[in-house]
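Residue-level listing of the chains:
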Amino acid sequence: MPMLVHVLADTHGLLRPEVLERLRGSDLILHAGDVGEATILDELATIAPVRAVAGNVDVHGELARLPATVEGELDGLPFKMTHRREDVPRSWYREARLVVFGHSHRPELEWIGGCLVLNPGAVGRRRFKLPLTMARLTVRGGRLIPEILAAE
């Protein structure tokens, strides 16, 4: 059975109903920071387990306790996550099969060797005239199959 992981970033306190609907069926939700409101993580946790990192706006209240980095495994494949790409150590690309970050609001998918580098874009308030996007990862048989999804 494949593992379904949804990846979000930059909600900035706004969780659209369309995003919640797309998350149904998730086995895990990763949030790459700038959550904006702790209630966002609570709402996401009603759908699937959530792993989140702090972004530059997550400096007050409960969100200030979020870690700067998170690491773990997706069906045996190691991943690492932080908010800003410039904070990703080069060693992560050798140590992980997936590196996730947010911050720019711009979706990115790139392979560096055997490591998928992923920015899901942003699903919160529209900024910089960029599209609202998120990512879906299907993890099956030691493979990561990424997709960038429109969030509106």
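For the structure, see preceding data.
Here's a quick rundown of the structure. Predicted model only: the values in this text are computed from it and were never measured.

Definitions and limits used
- Residues numbered from 1 in each chain as written.
- Predicted model: local features only at pLDDT ≥ 70, side-chain atom pairs only at ≥ 80, totals over all residues.
- Heavy atoms only, no water.
- Pairing = 2+ DSSP bridges.
- Helix = DSSP H or I, 4+ residues; strand = E, 2+ residues; numbered from the N terminus.
- Axes fitted to C-alpha atoms, helices over the stretch in contact; angles between N-to-C directions.
- Contact = heavy atoms within 4.5 Å.

This paragraph deals with the sheet that holds strand 6 (residues 98-100). One open sheet accounts for five strands, arranged 4-5-6-8-7; its pairing is mixed. Edge positions in the open sheet fall to strand 4 (69-74) and strand 7 (108-112), since each of these has one partner strand only. Between one strand axis and the next, the sheet turns through 20° on average, direction left out of account. One ladder, built from five bridges, connects strand 7 with strand 8 (residues 115-119); its direction is antiparallel.

A separate point is the sheet that holds strand 1 (residues 3-8). Here five strands make up an open sheet; going across it, the order is 3-2-1-9-10 and the pairing mixed. Edge strands, defined here as strands with exactly one partner in the open sheet, are strand 3 (50-52) and strand 10 (143-150). When the angles between neighbouring strand axes are averaged without regard to direction, this sheet yields 20°. One ladder, built from eight bridges, connects strand 9 (residues 133-140) with strand 10; its direction is antiparallel. In the strand pairing of strand 10, Thr138 is matched with Ile145. Across the sheet, helix 2 (residues 38-45) lies against strand 1, strand 2 (28-31) and strand 3, angled at about 150° from strand 3, the strand it touches most.

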